[in-house]
Amino acid sequence: MRTRVYEWLNREFVAISAEGRPAGTVADETQDLLQRLDGELQRFGLSLENTVRTRLWARDRASRDQGSAVRVQVLAGPARSASSSFIAPDFFASEARVGLELWAMRPSRPDAEKRIVEYDPPIVPVRFIVYDSIVFLSGVTAVLPTLADQVADITPRIERSLEDAGAGWDRVVRISCVLHRSQSIEALRAIWPQTAHAPYARVDYAFADGYSTEGKLIEVEVTARMPST
């Protein structure tokens with residue numbers, strides 16, 4: 001387990017990355033992993049209810065599907081957060097079948113509420129959350145023939161979510177792009193110069209071998225600030 005505490009956006013964040021213990025079923029492994037993450041958060045006076053984003057990593061599709069189902073059960077109600085999931089055997093340094101990256105945020109005031117906005121109709125990931133004036137969008141994907149097609153479909157959906165949250169591209173502070181290994185950062189930059197949309201955003205890239213369904217080539221996560229922050 002690797003834990004990092006840092007200041008960002010005038011808030012304190014706790015970022016944890018951990019792999020499961022490969023015993024029992026994948027569901028057992030994921031349940032134990034989330035319990036361990038909750039225990040780690042409690043060291044800092046936080047809990048899973050302070051979670052703002054999670055990434056689930058899995059060795060294969062079956063493990064991704066089983067791990068995702070447990071994550072939905074455990075991170076329910078006020079623990080709901082922005083989320084994404086990936087298949088990437090290279091993520092693991094052990095024999096684990098699932099791993100998690102979790103980000104929790106200590107709000108600037110104790111009465112801060114987490115606004116959870118679902119898709120209509122609801123699906124596994126939330127559409128976005130707003131917590132203490134920070135907006136966290138779940139990963140956005142598309143199943144279309146090319147990377148350019150998928151980016152063209154994803155970007156207006158992100159824009160609508162930002163607008164519904166009360167923000168916009170000019171309030172975006174981070175864009176995280178998880179590309180399929182068959183794609184390149186250079187190709188994505190040629191298709192979508194993110195800084196033209198979000199001039200103040202930090203843009204980072206990672207790679208995966210698969211997503212929730214076949215045919216996806218990219219998943220985009222966005223974090224933004226409300227105008228009042």
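Throughout what follows, the structure given in this document is the object of discussion. By convention here, each chain's residues receive numbers from 1 onward along its written sequence. Confidence filtering applies because this is a predicted model: local features only for residues at pLDDT of at least 70, side-chain atom pairs given and counted only at 80 or more, and all residues used for totals across whole chains, interfaces and linings. Note that water and hydrogens are dropped before the side-chain values are worked out from all heavy atoms of the structure.

## Digging into the sheet that holds strand S4 (residues 82–87)
A strand pair is defined by DSSP finding two or more bridges across the two strands. Under the DSSP-based scheme used, a helix requires at least four consecutive residues in state H or I and a strand at least two consecutive residues in state E, with every element numbered from the N terminus. With mixed pairing, the five strands of this open sheet are ordered in space as S1-S2-S5-S3-S4. Strands at the two margins of the open sheet, each flanked by one partner only, are strand S1 (2–8) and S4. Pairwise comparison of adjacent strand axes, ignoring direction, gives a mean angle of 15° for this sheet. Sheet analysis places S1 next to strand S2 (residues 11–19), joined by seven bridges and oriented antiparallel. Looking at S2, one finds that Glu7 is bridged to Glu12. Running over the sheet, helix H1 (residues 26–42) touches S1, S2, strand S3 (51–58) and strand S5 (98–106) and is turned about 30° from S5. What makes two residues a contact is simply this: any of their non-hydrogen atoms within 4.5 Å. The convention used is that axes are lines fitted to C-alpha atoms, helices contributing only their stretch in contact, and that angles between N-to-C directions extend from 0 to 180 degrees. Running over the sheet, helix H2 (residues 61–74) touches S3, S4 and S5 and is turned about 155° from S3.

## Considerations on the pattern of salt bridges
Close approach of charged atoms allows side chains of opposite charge to pair. The term salt bridge refers to a side-chain nitrogen of Lys or Arg lying within 4 Å of a carboxyl oxygen of Asp or Glu. The final tally for this structure, using the stated rule, is 18 salt bridges. Of the charged contacts, one joins Arg36 and Asp32 as a salt bridge, the two residues approaching to 3.9 Å between their closest N and O atoms. On the criterion of helical spacing, the pair formed by Arg36 and Asp32 is a turn pair, its members being four residues apart in helix H1. A 1.4 Å probe rolled over the protein chains alone gives each residue an accessible area, and that area as a share of the maximum for its type sets the label: buried under 20%, exposed over 50%, partly exposed in between. Looking at Asp32, the relative accessible area reads 22%, which means it is partly exposed. The shortest N-O distance in the salt bridge between Glu118 and Arg80 comes to 2.6 Å. Of this pair, Glu118 sits in the loop between strand S6 (114–117) and strand S7 (128–131) while Arg80 is found in the loop between H2 and S4, placing the two residues 38 residues apart along the sequence. The partly exposed category is assigned to Glu118, whose relative accessible area is 31%. Here the salt bridges do not stand alone but share partners, grouping Arg11, Arg109, Asp111 and Asp132 into one network.

## Some thoughts on the nonpolar core
Definition of nonpolar core: a set of buried residues of the types Ala, Val, Leu, Ile, Met, Phe, Trp, Tyr and Cys, connected through side-chain atoms within 4.5 Å. Counting 30 residues, the largest nonpolar core has Val135, Ile158, Val172 and Ile175 as its most contacted members. Of all elements in the fold, only S7, strand S8 (134–140), helix H3 (147–165), strand S9 (172–180), helix H4 (185–191) and strand S11 (218–225) reach the threshold of two or more residues within this core. If one sorts the elements of this core by residue count, H3 sits on top with six residues. If we skip the residues at most four places from it in the chain, Ile158 touches Leu137, Val140, Trp169, Val220 and Val222.

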